[in-house]
Amino acid sequence: MHVARKIEAADKPAFYRELAGQLGGLLAGERDAVANAANLSALLHEHLPDLNWAGFYFLKTPDELVLGPFQGRVACVRIAVGKGVCGTAVARRDSVLVPDVHAFPGHIACDAASRSELVVPLLSGDRVLGVIDLDSPSPGRFDEGDEAGIKALAALYVAGSDLG
Ligand code: SME
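Note that the structure is predicted; figures quoted are calculated from it, not measured.

Caption draft 1: Here's a closer look at the side chain of Ser 114. With respect to the secondary-structure elements, Ser 114 resides in the loop between β4 (96-98) and β5 (116-124). One polar contact links Ser 114 to Asn 52, side chain to side chain, over a distance of 3.1 Å. With residues up to four places along the chain from it excluded, the contact list for Ser 114 reads Asn 52, Val 101, His 102, Asp 135 and Ser 136.

Written out as structure tokens, the structure is:
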């Protein structure tokens, strides 16, 4: 049974190390990709302040992402590769950090409250399996420390789950 502990960390790297430890506990003994994505969404939503959306899109076909488990408001179900922040992260095979979504050409507004966004790809070697998407109502909410931390959590999730 996972007991959520409030994370009190001295700095961002320590915060994400603690979060990675909690994720490790959640992943232990369970490899179902949807169940693990659901619990990671809940973990992110609970511990990261100032979010309005946290969740997954999976690359079900080579050219389209499909909505996975998330916490937040109802979201668009399908996103073409190359479109929006999520589709751009897939096309680049790299994270996309958007301090101001209004300044990102092609941003897909699922929740009008979103002002900044961080999308990190789920990578298995060179292959993109999907993305983790975080949205915030505050401009400039995410920085390189968040990007590094979420990349580490994404890698743990991929290693600990049975994904296509
Ligand atoms: N803003 C994303 C779409 C997904 S929602 O934010 C949940 C994008 O531009 O790809």
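Past the structure itself, the notes keep going.
Caption draft 2: Molecular detail of the side chain of Ser 161. Relative to the helices and strands, Ser 161 resides in the segment after α4 (144-159). Ser 161 sits in the buried class, given a relative accessible area of 4%.

Caption draft 3: Examining empty space enclosed by the protein more closely. Scanning the entire structure with this criterion turns up one cavity of 30 Å³ or more. By volume, the largest cavity is sized at about 130 Å³. Looking at the largest cavity, it is lined by 16 residues, and the ones nearest its centre are Ile 108, Cys 110, Glu 117, Asp 133 and Asp 135. Elements represented by at least two residues in the lining of the largest cavity include exactly β1 (53-61), α3 (84-92) and β6 (127-136). The leading source of residues in the lining of the largest cavity is α3, at three residues.

Caption draft 4: Region of the structure containing unusual backbone geometry. A positive phi angle is found at Asp 50, which is not glycine, with a value near 65°. Here Asp 50 is to be found in the loop between α2 (33-47) and β1. In this structure Asp 50 comes out as partly exposed when scored by relative accessible area, which is 36%. Notably, Arg 93 is not glycine yet its phi reads approximately 50°, a positive angle. Positionally, Arg 93 belongs in the loop between α3 and β4.

Caption draft 5: Region of the structure containing the nonpolar core. In terms of nonpolar packing, the biggest core is built from 30 residues, with Leu 44, Leu 122, Ile 132, Leu 134, Ile 150 and Tyr 157 touching the most fellow members. Only α1 (12-27), α2, β1, β5, β6 and α4 provide two or more residues apiece to this core. Here the element with the most residues in this core is α1; it accounts for seven residues. Other than its neighbours up to four places away in sequence, Ile 150 contacts Tyr 16, Leu 44, Leu 48, Leu 118, Val 120, Ile 132 and Leu 134. The next biggest cluster of nonpolar side chains, apart from the first, holds 16 residues, and it includes Tyr 57, Leu 65, Ile 79 and Val 96.

Caption draft 6: A look at the pattern of salt bridges. Enumeration over the complete set of coordinates arrives at nine salt bridges. A salt bridge links Asp 162 to Arg 31, with the shortest nitrogen-to-oxygen separation between them at 2.8 Å. Of this pair, Asp 162 sits in the segment after α4 while Arg 31 is found in the loop between α1 and α2, placing the two residues 131 residues apart along the sequence. The class for Asp 162 is exposed, based on a relative accessible area of 51%. Residue Arg 31 is classed as partly exposed on the basis of its relative accessible area, which comes to 38%. For Glu 64, the salt bridge goes to Arg 78, with nearest N and O atoms at 3.0 Å. Residue Glu 64 is found in strand β2 (residues 64-72), and its partner Arg 78 is found in strand β3 (residues 78-80); the two are separated by 14 residues along the sequence. The class of Glu 64 is partly exposed, set by a relative accessible area of 25%. Look at the salt bridges and you will find they share partners, linking Lys 12, Arg 141, Asp 143 and Asp 146 into a network.

Calculation criteria
- Residues numbered from 1 in each chain as written.
- Predicted model: local features only at pLDDT ≥ 70, side-chain atom pairs only at ≥ 80, totals over all residues.
- Heavy atoms only, no water.
- Helix = DSSP H or I, 4+ residues; strand = E, 2+ residues; numbered from the N terminus.
- Polar contact = N/O pair within 3.5 Å; in protein donor to acceptor, adjacent residues only side chain to side chain.
- Contact = heavy atoms within 4.5 Å.
- Buried < 20%, exposed > 50% of the residue type's maximum accessible area, 1.4 Å probe, protein only.
- 1 Å grid on protein atoms, 1.4 Å probe; cavity = no way out; pocket = protein on both sides within 12 Å on 5 of 7 lines; lining within 4 Å.
- Points joined across faces, edges and corners; volume = space filled by probe spheres on them.
- Core = buried A, V, L, I, M, F, W, Y, C linked by side-chain atoms within 4.5 Å.
- Salt bridge = Lys/Arg side-chain N within 4 Å of Asp/Glu carboxyl O.

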